[in-house]
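Take a look at the letters that make up each chain.
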Amino acid sequence: QVQLVESGGGLVQAGGSLRLACAASGRTASRYAMGWFRQAPGKEREFVATISWSGISTYYADSVKGRFTISRDNAKNTVYLQMNSLNPEHTAVYYCAARKNMLELSTTPGGYDYWGQGTQVTVSS
């Protein structure tokens, strides 16, 4: 069992940056691939980024490439999402998720086994 707790959300002006963190608990948390998703009001949850358990492999949604960076610190059981050049379209609840399957990354919510409670990101214009 893995528990995930996100932090770092908040209100930021357009053009600003935020760094989200996801702290994972559990003895094997560092062996899970991790992902970030977001859900805006009235929209489906969508993929943002994912990282392998080792941190070597990453994959991003086209909409955030070059703007967002996912990373992890396995010593701290924490995954990060650095978000730069934010705009109001990035306003959403951001969720982190853990995937037990270590062999491949996933971009779909169904590919993840554990979820955090989410953290609100609001970008004002």
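Scroll up to find the structure this text is about.
Residues numbered from 1 in each chain as written. Predicted model: local features only at pLDDT ≥ 70, side-chain atom pairs only at ≥ 80, totals over all residues. Heavy atoms only, no water.

### Structural notes on the packing of aromatic side chains
So the rule is basically this: Here a Phe, Tyr or Trp ring, Trp counted by its six-membered ring, pairs with any other such ring whose centre lies within 6.5 Å, and the pair is stacked when the planes are under 30 degrees apart, edge-to-face when over 60, and tilted otherwise. Runs of H or I in DSSP of at least four residues are treated as helices and runs of E of at least two as strands, each being numbered from the N terminus. The rule is simple: take the accessible area with a 1.4 Å probe, protein chains only, and divide by the maximum for that residue type; under 20% is buried, over 50% is exposed, in between is partly exposed. Only when the NZ atom of a Lys or the CZ atom of an Arg is both within 6 Å of the ring centre and within 35 degrees of the ring normal do we say a charge sits over the ring.
Under the defined criterion, the tally for this structure stands at six aromatic pairs. Each ring, one from F47 and one from Y59, has its centre 6.1 Å from the other, and the planes form 25°; the classification is stacked. Placement of the pair is F47 in strand β5 (residues 46–51) and Y59 in strand β6 (residues 58–60), with a sequence separation of twelve residues. By relative accessible area, which is 11% here, F47 ends up buried. Put simply, the rings of F37, F47, Y59, Y112 and W115 pair up and form one aromatic cluster. Its guanidinium or amino end placed over the ring of Y95, R45 lies 3.8 Å from that ring's centre, counting from NZ or CZ. Over the ring of W115 we find R45, and its NZ or CZ is 4.8 Å from the ring centre.

### Brief notes about the state of the cysteines
Rules: Criterion for a disulfide: a pair of cysteine sulfur atoms within 2.5 Å.
The final tally for this structure, using the stated rule, is one disulfide. Between the sulfur atoms of C22 and its disulfide partner C96 the distance amounts to 2.0 Å. For the disulfide bridge between C22 and C96, the dihedral angle about the S-S bond is near 50°, and by the sign convention the bridge is right-handed. Here C22 is found in strand β3 (residues 18–25), whereas its partner C96 is found in strand β9 (residues 92–99), with 74 residues between them in sequence. The residues C22 and C96 share a single accessibility class, namely buried.

### Considerations on the sheet that holds β3
To keep things clear, this is the line we draw: Whether two strands pair depends on DSSP finding at least two bridges between them. Geometry is summarised by axes, namely lines fitted to C-alpha atoms with helices restricted to the contacting stretch, and by angles between N-to-C directions that run from 0 to 180 degrees.
Strand order in this open sheet of four strands is β1-β3-β8-β7, and the pairing throughout is antiparallel. Edge positions in the sheet fall to β1 (3–7) and β7 (68–73), since each of these pairs with one other strand and no more. On average, each strand axis in the sheet is inclined to that of its neighbour by 15°, with strand direction left out of account. Pairing between β1 and β3: five bridges, direction antiparallel. From the neighbouring strand, V5 faces β3, where its bridge partner is A23.

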